[in-house]
Structures are given as structure tokens and as C-alpha cells.
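# Fold and geometry: a report
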Amino acid sequence: LFVLPVLVASTTMGKTPGLIMSAVCAVFLVFYQVLAAAKPFIQALESELFIISMMCVIGWFTGEMTDIAQQNQKQLKTNLKDLREEINRRQKAEERLRMLSGALEQSPSSVVIADTGGNIEYVNAKFTDITGCLPGEVTGKNMFELVDGLPHEQAEQIWHVIKAGREWKKEMLSKRKNSETYWNAVSIAPFKNPAGEITHFLWVAEDITERKRVEKEMARLEQLNLVGEMAAGIGHEIRNPLTTVSGFLQLLKRKQKSAEYIRYYELMLDELNRANAIITEFLSMAKNKVVDRKRQNINRILKNVVPLLEADAAIRKKHLKIKLADVPDLFLDETEMRQLVFNLVRNGLEAMPEGEVLTISTYVEGNEAVLAVRDRGEGIAPDIVEKIGTPFFTTKDYGTGLGLSVCFSIAGRHDAVIDFDTGPAGTVFYVRFKLQAVGGKQAPGINFDGP
Ligand SMILES: Nc1ncnc2c1ncn2[C@@H]1O[C@H](COP(=O)(O)OP(=O)(O)OP(=O)(O)O)[C@@H](O)[C@H]1O
Ligand SMILES: [Mg+2]
């Protein structure tokens, strides 16, 4: 009976409570003997010594076992908690890693990671997008091989800078796998471990071809505006004396006495008209030239000018083909549009040999209405491509070099851009009118309902 509480205490609570319970039970046992059997204390103690020892042993041993089991359980719980925390930590680290590698993969810049020897270990998806090279084609190669035709000395110089722990930056003209050139803003920087040692090199590049194009376009427009403003300043002043001279020449031409010099008068008047036409072209380049833009369809304007263009083509023994698709109405100045089409068509006709066909077409492409003038001439020589649209640039004996400049400024006033494709089979000039403003808003004055 007395062993039972000891067993319960020691198995449920451990060694110390087990021993305390065995002591309490021993006291009760001895006192029970003293009181119930009327034995003296010492005798009662002696008679129950075996049971008391047994209780103590049971209390101690079972309690010890319980303590060990409890300790193990506690340890197990701590271990489990640590394990759970470790799993959480790893999950978070993995998520972070996934997020970082996702960001790297989807980065709008191309990223290349090279080892300390400059050998490529990783390239992201944008790199493949921009260069056209798959990761397998460049992994293991030296990163300087990515720059087509980089002189050895310059590569050495860059290497020296980045090895010293500094960043190297440059805008450079690069080549895609398909040999197309593009502008690239490259930055190469070392990255270091917590001990400050360089472990890798990070190459980040951005395709800035579009930015360069816009910069060039802006510079060209600035130049055009300058020429236009200068022209506006002096144009009128020159026109007045020209009108006077022209008036008197016409007066004199009609006189009887002038009959034998009529050819000279005509020549002088033609030259004055030519000078007047040049001034008119100059004036049309002024930035703040007043334009009268009305909602109308480019196809209608084209249909009006086609007979004139056909006559011009026929004189030169060349043909005209017109392909007009449905395009929405645009806000256009008819006179300026006529001038733009005339200049582009005249250039095309002048570039083609006799018997060839020049095609004028309109169509919608994405967010743009496009007017395209395609000729079958010899194309524009690569060394003059850069100069196209620069005022006074001409390769023709009697050209003024103002035709395309005027086209560019007309396009500028109509929120349109001009670009071109050229090759040995001919040249296409595209005038692209925006149909939609950035951000999905409708551009001012543009009708989406179509003609
Ligand atoms: N369709 C084309 N094909 C080949 N070369 C072209 C074409 N259009 C323009 N060019 C080149 O660009 C130059 C500049 O053209 P632009 O129209 O500005 O002046 P121009 O035709 O020489 O003179 P202008 O138009 O004032 O009579 C031309 O001289 C020519 O070399
Ligand atoms: Mg021209």
C-alpha cells in the first residue's frame, strides 16, 4: 500500500518527488506500527527497514528513469524546435534566392557573371534577347570576347580597372549574333565576399539603341530649327529685293528692245524663282511655323496628288504603284503632307533607273499609321546613311540638300517619325504617325473610329 504512492510520485514527477514521497510513506509506516501495533519507535523502524529501503530504492530508481525520460523528451522538443526553425530559415533563404534569381532572369538589363579569370559562368535571358546568343554558346568564354573587335590593349586596361576593385562603364557600339549593330551601355564591376576578396565580375549592359536614335533625332531637329529660324530671320528681307528685281525683269522682258535678250531674261527669272523656292523650303523648317492641321485622311491627300506624281514619273520614264489600305483619320496639314510626299517621291524617282517602279503605300502597323515610299534604286551608300536629313547634304549636282530636312521637320510638326531601310535593292522611307499616345490615352486630334 505504501509502495504505490512512491511509485506514482516517482513515475509521474521524477526522482526528488519520488524520494520525498518514500520518506513521507516511511514516516507514516513507522508511526502506524507505533500507534497500531504499540511498538516502540526503534523497534517499529527496525521491523519496517526492508520496506523503507525498498521504497527509497523504488523512489530513487524509478524517479531517475522518469527524469531521464523527461530530459530526453525535453531535448527532443528542443531539437524539434531547432529543426523547425532551421527549416523555416532555409525556406526563407530559398525564397529569397528564388526571388533574386527571378529578378536576375527577368531583369530588363542583360547580366553576365564571370569568375575571377573573366570566364563567363552565367548569362540571363535578356542577354540572349539582346545578343541572340544562347547561354551554352558563351559559357566558359572570356567576357571580353563579347565585345566584337575590342583591342587587346583596351581589354587589358579594363581588366586592370576592375581587378583593382573599381567599376568600368562605357557606351559602345556592339554586334548581335545576326551581325546587326546596336548601342550598348556596359558597366563591369567586381563583386566581393564578406572578407573583401573579389569572387566574381558582374557585367550589366543595357540596349540604348532607341535612346541614341532619339538623341540623334533631337539633335537633327535642333539643327533644323536653327536653320529654320535663321531662314525666317533673313528670308523675308531677301525676298523683298528679289520680288523687286523679278518685277522689273518681267517688265523689261516685255519691252520691244529686249526681244533679242529674251533668253537671258528667262534664265534670270528662272534663277530668281529657284532662289525664291529655296527660301520657301528654308521657311518651312522654322520650328514655330504655323500649320493648319485638320482631321482628314492621308489616303485622300495622296489620291489628290497622285496625278501630279504620275506625270512627274512619266516624264522620267518611270512607273508609280499605289497601295492604300484603310487608315484612321489623322490631324494633318494638307499642304505640308503634299510637300512631304513630293520630296520623298522625287528622291525615289531620282534614285531609280528608267523603267523601274516606285510604290507608295499606307497601312496600319501596331499603334502607327504608316506612309511608305519604296523605290528600286541602288540604295543609300553606308557612308552617307548617317548624314541623311542633315540640311544641305546632297549627292546631286543640282540638289539643295533640303528635301529630306523639310520632310523631317514636317514629320516633327505632325508628331510623326521618319525612318528608312536601304540596301542594293532599293530604299523605303517610312513616315510613322502615332495613333495612340503613351499610357493608352488617345493622342490629341486622332480619330480611332476610322475613316
Ligand atoms: N530614295 C533615295 N535613294 C537613294 N539616295 C537617297 C534617297 N533619298 C535621299 N537620298 C540621298 O540623300 C541626299 C539628300 O536628299 P535630300 O532630298 O535631302 O536632298 P537632294 O535630293 O539631294 O536635294 P533636293 O531634294 O533639295 O533637291 C540625296 O542627295 C541622296 O544622296
Ligand atoms: Mg530630294
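Further up the page is the structure itself.
Here's what I pulled together on the structure shown here. (Residues numbered from 1 in each chain as written. Chains lettered and ligands numbered in written order. Predicted model: local features only at pLDDT ≥ 70, side-chain atom pairs only at ≥ 80, totals over all residues. Heavy atoms only, no water.)

## Some words on the pattern of salt bridges
If you walk through the whole model with that rule in mind, you get 26 salt bridges. Among the salt bridges present, the one from lysine 396 reaches glutamate 350, with a minimum N-O distance of 2.5 Å. Highlighted residues: lysine 396 in the loop between helix H12 (382-385) and helix H13 (403-413) and glutamate 350 in helix H11 (residues 334-351), separated in sequence by 46 residues. With a closest N to O distance of 3.0 Å, arginine 432 and aspartate 419 form a salt bridge. Residue arginine 432 is found in strand S12 (residues 426-434), and its partner aspartate 419 is found in strand S11 (residues 416-423); the two are separated by 13 residues along the sequence. We classify arginine 432 as buried; its relative accessible area is 13%. On the basis of relative accessible area, aspartate 419 is assigned to the partly exposed category, the value being 27%. When salt bridges that share partners are traced, they join Asp312, Arg316, Arg346, Glu350 and Lys396 into one network. (Salt bridge = Lys/Arg side-chain N within 4 Å of Asp/Glu carboxyl O. Helix = DSSP H or I, 4+ residues; strand = E, 2+ residues; numbered from the N terminus. Buried < 20%, exposed > 50% of the residue type's maximum accessible area, 1.4 Å probe, protein only.)

## Examining the environment of glycine 18
Position of glycine 18 among the secondary structure elements: in helix H2 (residues 15-36). In sequence terms glycine 18 and isoleucine 208 are 190 residues apart; their C-alpha atoms lie 82 Å from each other. If sequence neighbours within four positions are ignored, glycine 18 has contacts with Val6, Ala9, Ser10 and Gly59. (Contact = heavy atoms within 4.5 Å.)

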